[in-house]
Amino acid sequence: MATQRRSVDLVLEGGGVKGVGLLGAVLALYDAGYRFERIAGTSAGAIVAALVATYQRTGRDLHELQSVMASCEYHKFQDATLVERLTGPIGEGTELVLHKGMHSGKYLYEWLGPILAATGITTFGQLALADAGTSLAPYQRYSLVVNTSDLSRRCLVRLPWDYPRYGVPADDQPILDAVRASMSFPFFFRPVEFTPGTGGAVTWVDGGLLSNFPITIFDRTDGRAQRWPTWGIKLSGQPVRNDRPVRTALGIALDSLSTLMGDWNQYDLTDEGVNQRTVFVDTTGVSTLDFSLTGEQEKSLFANGQAAARKFLHQLPPGPVQP
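Everything quoted here is computed from the prediction, not taken from an experiment. (Residues numbered from 1 in each chain as written. Predicted model: local features only at pLDDT ≥ 70, side-chain atom pairs only at ≥ 80, totals over all residues. Heavy atoms only, no water.)

1. Quick notes on the overall build of the protein chain
Turning to step 1, where the next piece is worked out: What the protein chain contains, in helices and strands, is 10 helices and 10 strands.
Turning to step 2, where the next piece is worked out: Expressed as a percentage of its 323 residues, the buried residues of the protein chain come to 51%.
Turning to step 3, where the next piece is worked out: Long-range contacts, defined here as pairs at least 24 residues apart, represent 74% of the contacts in the protein chain between residues at least 6 apart.
Turning to step 4, where the next piece is worked out: Accessible surface, the protein chain: about 15,300 Å² in total, of which carbon and sulfur atoms supply 55%. (Helix = DSSP H or I, 4+ residues; strand = E, 2+ residues; numbered from the N terminus. Buried < 20%, exposed > 50% of the residue type's maximum accessible area, 1.4 Å probe, protein only. Contact = heavy atoms within 4.5 Å. Areas by Shrake-Rupley, 256 points an atom, 1.4 Å probe, with all protein chains shown as cover.)

2. Section: the pairing of strand β1 (residues 6-12)
Turning to step 1, where the next piece is worked out: By the criterion of burial, β1 is predominantly enclosed, with 5 of the 7 residues buried.
Turning to step 2, where the next piece is worked out: Strand direction decides the pairing type here: β1 and strand β2 (residues 34-42), joined by 6 bridges, are parallel. Each bridged residue has a counterpart across the sheet, and for Ser 7 the counterpart in β2 is Arg 35.
Turning to step 3, where the next piece is worked out: Once the chain exits β1 it traverses helix α1 (residues 19-31) before rejoining the sheet at β2, and the crossover so formed is right-handed.
Turning to step 4, where the next piece is worked out: Pairing analysis gives 4 bridges linking β1 to strand β9 (residues 230-234), with the strands arranged parallel. (Pairing = 2+ DSSP bridges. Right-handed = clockwise from strand over helix to strand, strands pointing away.)

3. As for the pattern of salt bridges
Turning to step 1, where the next piece is worked out: For the structure on display, the rule yields 11 salt bridges.
Turning to step 2, where the next piece is worked out: Here Asp 162 ties to Arg 158 by a salt bridge, and the two come within 3.3 Å at their closest N and O atoms.
Turning to step 3, where the next piece is worked out: Looking at Arg 158, the relative accessible area reads 22%, which means it is partly exposed.
Turning to step 4, where the next piece is worked out: Measuring nitrogen to oxygen at the nearest pair gives 3.8 Å for the salt bridge that ties Lys 299 to Glu 296. Here Lys 299 pairs with Glu 296, and both are found in helix α10 (residues 295-314), just 3 residues apart, close to one helical turn.
Turning to step 5, where the next piece is worked out: According to the relative accessible area criterion, Lys 299 is exposed, its value standing at 56%.
Turning to step 6, where the next piece is worked out: On the basis of relative accessible area, Glu 296 is assigned to the exposed category, the value being 57%.
Turning to step 7, where the next piece is worked out: Overlapping salt bridges bring together Asp 9, Arg 38, Asp 131 and Arg 227 as one network. (Salt bridge = Lys/Arg side-chain N within 4 Å of Asp/Glu carboxyl O.)

Now the structure itself:
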């Protein structure tokens, strides 16, 4: 007789190529007997969240995802036009001016698209939940939430929750399109232009710009006790000191973007006790946009994710764990 799994909701931080560390942590939790009722993800976290949600919905062994992630050829995300290949930085600058991003992001469709299609789950409606016991509104009852940032409306967008705000039916929207929007790191990838049902167009970029780690997204709001915990997985350690002045206008612009996309809220996580329900994966030595990631680095990130999750579980207090 199969052992019944314990329920938990997950929130996965963005982190570019470091996403394999998230999968390592998820599989360690899976091996410890947990089932993931709802998963929210940003950028790389959205990729892993989509894979876990679709595989789990179809009853597949989540361990298969290790080879799925290993099949990703990260360097292909840095696709280049003929002009870029011939002129290097000049061509990249031209692409940035013409298309608002140096790389197209098409490789996500080439790699992740067939994987999702093979599961038979490609739209959010196939991940809808019939859950009368939640405090989430009916339009929020899905097992996957993908975060992106709307530059036109200047707001965080939680997909599929917020599709009705754009006048389109949430159930019909492709999961892959939402993930592509969530990973649109400004200037590096071209942003996504989404057409609302009412006409016009809006510009979506990486969800990490506004909320890279929305740990409270599934918390109850009706005052009742949580049925199960929400745990987060972060691709970073504790705050790193880098005490140096920023002396140029360009430096301020670039560091401002890095701060928005980075770990600006780490101190608050500690002060508010959120760290007590967060798995911290050590990703030292690997940068978010290092698309020349080696096989050894991938293995190290995966192992670090596994170790971090096991340490987290070992430190849990006895009895029910609540956020």
